[in-house]
Amino acid sequence: MTQSMMSYSDTGTGFPVLLGHSYLFDKSMWSPQIDTLAKYFRVIATDLWGHGQSPALPASTSSMADIANDHLALMDALGIHEFAVVGLSVGGMWGAELAAAAPERVKALMLFDTFVGDETQAAKDRYFMMLDTINSLGSIPVPLLEYAVAQFYSRYAKPEDTQQLTASLSALRSEPLRTSIVPLGKLIFGRPNRLALLETITCPTHVATGALDLPRPVTEGRLMAERLGCDFTLIPNAAHISNRENPEVVTQLIVDFLRQYG
């Protein structure tokens, strides 16, 4: 059976860079970066399953490694052999899996506001309770919606960004919530500890975390950089969606790191 492809944008020319967005966002999350990156690179930005314009989560996709393989299949379909991966949040989780699984193809890896270790039991229980509530209701209730927005963005966020996220989460219908968003959430928050995977990654890497990130605190980013033996950047005045709260710093960081492969 042929699996359908994720939705993606393909912009610019040069060395290919694959962008992975956060849970509950879509490829437009990267809009502050894409125009600049496309001056130097061929930029592929995907919509995760059940997000943006992508189809529902396939029954065969049940782990971060599976999501990494789905992205590898897309790069195969595009005829792209060697590329860099820039992932934020869940984009970094599957990005690390992809870099470990295909070392001959992933030539550089940037991990933003992410963690490949597991959640604490308390955090996992909290997330699963929220997801079960959403699944039961077929919608995201207002208190959970407000909680989610506050987890993603800090006081430095642009009002239009928080308003857009609130509107998009409010608009989610029961079918995509139940068939994709909730199961993907359980896949993400129930993930196993994969910190040991970092020691197998051979390509150049860089880790960065927003100074105000709540779900993925700076200590986690520093721990991963230590395991990878790479540099770590603290992004000031930014929470979890650091590329939108401090876009200039993040864009420059990506360009400076990846231009050696362009």
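Heads up: the structure comes first, above all this text.
In this text, all values refer to a predicted model and were calculated from it rather than measured experimentally.

## Quick notes on the packing of helix H5 (residues 142-152) against helix H6 (residues 159-170)
The relative placement of two packed helices comes down to the angle between their axes together with the axis-to-axis distance. Here H5 crosses H6 at 140 degrees, and the two axes come no closer than 10 Å. Between H5 and H6, the angle is such that the two are oblique. Considering how the two elements wind past one another, H5 and H6 form a crossing that is right-handed. Residues Leu-145, Ala-148, Val-149 and Phe-152 of H5 form the contact with H6, whose own contacting residues are Thr-162, Leu-165, Thr-166, Leu-169 and Ser-170. When grouped by side-chain class, the residues that make up the contact of H5 with H6 number six nonpolar, three polar and no charged.

## Looking at empty space enclosed by the protein
For the structure on display, the rule yields one cavity of 30 Å³ or more. Those elements that provide at least two residues to the lining of the largest cavity are helix H3 (90-101), helix H4 (121-137), H5 and helix H7 (174-189). With five residues, the top contributor of residues to the lining of the largest cavity is H5. Residues belonging to the lining of the largest cavity are distributed by class as follows: 19 nonpolar, four polar and two charged.

## Observations regarding the pairing of strand S5 (residues 106-112)
Within S5, six of the seven residues are buried, which leaves the element mostly enclosed by the surrounding structure. Bridge count between strand S4 (residues 83-88) and S5: six bridges; the pairing is parallel. Across the sheet, the residue bridging to Phe-83 is Val-106, located in S5. After leaving S4, the chain enters H3 and then returns to the sheet as S5, a path that is right-handed. Note: S5 against strand S6 (residues 205-210), four bridges, orientation parallel. Each residue of the ladder has a partner; that of Leu-109, found in S6, is Thr-205.

## Digging into H4
Look at H4: 24 Å from first C-alpha to last across 17 residues, which is about the 24 Å you get at 1.5 Å a residue. Inspection of H4 places Ala-123, Tyr-127, Met-130, Leu-131 and Ile-134 among the buried residues, and these make up the whole buried set. Along H4, the residues classed as buried sweep out an arc of 95 degrees about the axis, all on the same side. Opposite its buried face, H4 presents the exposed residues Gln-121, Ala-122, Met-129 and Ser-136, each directed more than 90 degrees away. On its buried face, H4 is in contact with H5 and H7. Positive backbone phi, at 75 degrees, marks Gly-138, one or two positions downstream of H4.

## Some details on the side chain of His-21
With respect to the helices and strands, the residue His-21 is situated in the loop between strand S2 (15-20) and helix H1 (31-37). Taking relative accessible area as the criterion, His-21 reaches 2% and is therefore assigned buried. Engagement of the side chain of His-21 in a polar contact is seen with the backbone nitrogen of Leu-48, the distance being 2.9 Å. Other than its neighbours up to four places away in sequence, His-21 contacts Asp-26, Lys-27, Met-29, Trp-30, Thr-46, Asp-47, Leu-48, His-51, Leu-88, Val-90 and Gly-91.

## Remarks on unusual backbone geometry
The phi dihedral of Ser-89 is positive, around 60 degrees, even though this residue is not glycine. Here Ser-89 is to be found in the loop between S4 and H3. Here Ser-89 falls in the buried class, since its relative accessible area comes to 8%. With a phi angle near 50 degrees, Asp-113 is a residue other than glycine that sits in the positive phi range. Tracing the sequence through the fold places Asp-113 in the loop between S5 and H4. A relative accessible area of 0% means that Asp-113 is categorised as buried.

Reading the values: the criteria
Residues numbered from 1 in each chain as written. Predicted model: local features only at pLDDT ≥ 70, side-chain atom pairs only at ≥ 80, totals over all residues. Heavy atoms only, no water. Axes fitted to C-alpha atoms, helices over the stretch in contact; angles between N-to-C directions. Helix = DSSP H or I, 4+ residues; strand = E, 2+ residues; numbered from the N terminus. Parallel < 35°, antiparallel > 145°, perpendicular 65-115°, else oblique. Left-handed = near helix turned anticlockwise from the far one by under 90°. Contact = heavy atoms within 4.5 Å. Nonpolar A, V, L, I, M, F, W, Y, C, P; charged D, E, K, R; others polar. 1 Å grid on protein atoms, 1.4 Å probe; cavity = no way out; pocket = protein on both sides within 12 Å on 5 of 7 lines; lining within 4 Å. Points joined across faces, edges and corners; volume = space filled by probe spheres on them. Buried < 20%, exposed > 50% of the residue type's maximum accessible area, 1.4 Å probe, protein only. Pairing = 2+ DSSP bridges. Right-handed = clockwise from strand over helix to strand, strands pointing away. Expected span 1.5 Å × (residues − 1). Arc of directions from axis to C-beta. Polar contact = N/O pair within 3.5 Å; in protein donor to acceptor, adjacent residues only side chain to side chain.

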